[in-house]
Amino acid sequence: MNTNPFPNQIGHQEMDSCCHEWAVFSTVLQQRWLMLQCTICGRHGAVEDPSESEWAKAFYAPTQPYVWGDGSRVVVRSHGGSSYVARSESGDLERVPREIIRHLPQVTQQEADDLLGVVRFVEQEEMTSELLCLFIQSASEWSGQSPSAGIAALCERLHHFAEHGTVFPKQWVINAIRWYAKEGVHGNVA
């Protein structure tokens, strides 16, 4: 399994020659910037002067990232780092839920497989992050068996967000679990 979200990733010296494909994945509210990442080399950038319509469109970027067409307006902010947006296996842009999976513990291949089993379950049900955690807790109490360490760590993280008023919708839960299974088994959850 390829864990590199930037399959065409190039070295720092060649980044300046990269034909960047910038994708908007979020915003910086205080500065009123658009946050972007190159899907080829992983470099981070910002559009510091978005129009009203560009700003309004970016409101949906955390769940629906999109390609930014005007590279001349991108101010490069870093030489790359953690991925927040990547191309899925089907070639679509996908938001990596880094806020959820950052610093979760490494998982074994069995735990990664368990996580993917949870994905299949969530896909069939209408599960928000809060409902998933309640279900896992109830199933554990009913069966007397503890969930795997990976599932327990993910539920603890989701519960922490819920305590602070953030409940993630079904697709974010699915993406978080998939990316955790993908990166966590290799210790790449940064």
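Residues numbered from 1 in each chain as written. Predicted model: local features only at pLDDT ≥ 70, side-chain atom pairs only at ≥ 80, totals over all residues. Heavy atoms only, no water.

Undergrad: Provide a residue-level description of the state of the cysteines, including the pertinent values.
TA: Applying the stated criterion to the full structure yields zero disulfides. C38 takes part in no disulfide bond, and the closest cysteine sulfur, belonging to C41, lies 3.7 Å away. Judged by relative accessible area, which is 0%, C38 ranks as buried. Distance from the sulfur of C133, which forms no disulfide, to the nearest cysteine sulfur (C155) is 3.8 Å. For C133, a relative accessible area of 11% puts it in the buried group. (Disulfide = S-S within 2.5 Å. Buried < 20%, exposed > 50% of the residue type's maximum accessible area, 1.4 Å probe, protein only.)

Undergrad: Before we move on, can you summarise unusual backbone geometry with the specific residues and values?
TA: Both trends apply: most residues other than glycine have a negative phi, and most peptide bonds are in trans. Positive phi, normally seen in glycine, also occurs at R32, with a value near 60 degrees. Inspection of the secondary structure puts R32 in the loop between β1 (22-28) and β2 (33-38). Notably, H103 is not glycine yet its phi reads approximately 65 degrees, a positive angle. Looking at the element boundaries, H103 is found in the loop between α2 (98-101) and α3 (109-124). (Helix = DSSP H or I, 4+ residues; strand = E, 2+ residues; numbered from the N terminus.)

Undergrad: Go over the packing of aromatic side chains with me, naming the residues and quoting the values.
TA: Applying the stated criterion across every chain yields a total of five aromatic pairs. Relative to F168, the ring of F161 has its centre 5.1 Å away and its plane inclined at 80 degrees; by these criteria the two rings are edge-to-face. For F168, a relative accessible area of 9% gives the class buried. Each ring, one from F168 and one from W172, has its centre 5.5 Å from the other, and the planes form 10 degrees; the classification is stacked. Here a set of aromatic residues connected by ring pairs shows up, and it is made of F161, F168 and W172. Directly above the ring of Y66 sits K57, whose terminal nitrogen or CZ lies 4.2 Å from the centroid. One residue, K182, lies across the ring of W179, its end atom 4.5 Å from the ring centre. (Phe/Tyr/Trp six-rings, centres within 6.5 Å; stacked < 30°, edge-to-face > 60°. Lys NZ or Arg CZ within 6 Å of the ring centre and 35° of its normal.)

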